[in-house]
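# Secondary and tertiary structure notes
What follows is each chain in one-letter form.
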Amino acid sequence: MTHSESDTRAKFIDPKLRDDWRTEDYIIREYYFTDGRKLVWGKRGKQCFVDYVLKYNGIKLSIIEAKRYDKEPTEWLEQVKDYGNKLQIRFLYTTNGQKIYEFDLQEGKGKMVDKYPSPEELYHRIVDPQDLIKDMVLSQPYYITGSMKPRYYQEIAIQKAL
């Protein structure tokens, strides 16, 4: 069975994410985090983006990179590691809609998993559940929604300061 990457996302990955994460509020699709390198004559290079970012309590917890149904999920792992390092996101997932590979940047190792961890489980892998003050501070939004949102490196600076 062959499906394009967008078909794989729509038919296999999106339903699985909805089941495992229970709400669309925590899922960001096609997250662009650079405008592309500046080139001559006012042009820009290719923008960097990831297929999905999962967030909870104001923190971007993980990246999911989708691949075609007939590809191995680990085929583009190095690209996802690069994006994870740029965005300072610890947990990375690559999937072809059938298999899910989880990679922990901090531990430097990965494994196949059956499902995505719940938002709370993933959040508590990063934030100690006993640290109530940190949990309270992280859950407060640091910008008002609108046209001016912080850039990815500004978000990283804010998270590190917290």
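Our subject is the structure that appears above.
Summary of the structure given here. These numbers were taken from a predicted model, which means no experiment stands behind them. (Residues numbered from 1 in each chain as written. Predicted model: local features only at pLDDT ≥ 70, side-chain atom pairs only at ≥ 80, totals over all residues. Heavy atoms only, no water.)

## Some thoughts on the overall build of the protein
Scanning the protein for helices and strands turns up five helices and six strands. The order of α-helices and β-strands along the protein, N terminus first, is α-β-β-β-α-β-β-β-α-α-α. The proportion of buried residues among the 162 residues of the protein is 38%. Here the analysis covers contacts within the protein between residues at least 6 apart in sequence; of these, 53% occur between residues at least 24 apart. Taken as a whole, the protein presents about 9900 Å² of accessible surface, with 50% of it coming from carbon and sulfur. (Helix = DSSP H or I, 4+ residues; strand = E, 2+ residues; numbered from the N terminus. Buried < 20%, exposed > 50% of the residue type's maximum accessible area, 1.4 Å probe, protein only. Contact = heavy atoms within 4.5 Å. Areas by Shrake-Rupley, 256 points an atom, 1.4 Å probe, with all protein chains shown as cover.)

## Observations concerning helix α1 (residues 5–21)
Along its 17 residues, α1 runs just 21 Å from first to last C-alpha, ending more than 12% under the 24 Å computed at 1.5 Å per residue. Along α1, the helix axis deviates most sharply at Ile13, where the bend reaches about 40 degrees; the proline Pro15 sits within four residues downstream. Listed in full, the buried residues belonging to α1 are Thr8, Arg9, Ile13, Asp14, Leu17, Asp20 and Trp21. Those residues of α1 hidden inside the fold are in contact with β1 (27–32), β2 (49–56), β3 (59–66), β4 (91–95) and α3 (119–126). Directly beyond the C-terminal end of α1, a positive phi value near 65 degrees is found at Arg22. (Expected span 1.5 Å × (residues − 1). Bend = angle between axes of the 7 residues up to and from the residue.)

## Details of the sheet that holds β1
Spatial strand order, β1-β2-β3-β4-β5-β6: six strands in an open sheet with mixed pairing. Of all strands in the sheet, those bounded by a partner on one side alone are β1 and β6 (109–113). Going across the sheet, the axis of each strand differs from the next one's by a mean of 30 degrees, ignoring polarity. Where β1 lies against β2, five bridges are found, and the strand directions are antiparallel. (Pairing = 2+ DSSP bridges. Axes fitted to C-alpha atoms, helices over the stretch in contact; angles between N-to-C directions.)

## Topic: the packing of aromatic side chains
According to the stated counting rule, one finds six aromatic pairs in the structure shown. Ring geometry for Tyr26 and Tyr56: centres 5.1 Å apart, planes at 80 degrees, overall edge-to-face. Here Tyr26, found in the loop between α1 and β1, pairs with Tyr56, found in strand β2; they are 30 residues apart in sequence, far enough to count as distant. The partly exposed category is assigned to Tyr26, whose relative accessible area is 24%. (Phe/Tyr/Trp six-rings, centres within 6.5 Å; stacked < 30°, edge-to-face > 60°.)

## With respect to α3
Within α3, the full set of buried residues consists of Pro119, Leu122 and Tyr123. Taken down its axis, α3 places every buried residue within 100 degrees of arc, on the same side. (Arc of directions from axis to C-beta.)

Functional significance is not addressed by these values, which are geometric in nature.
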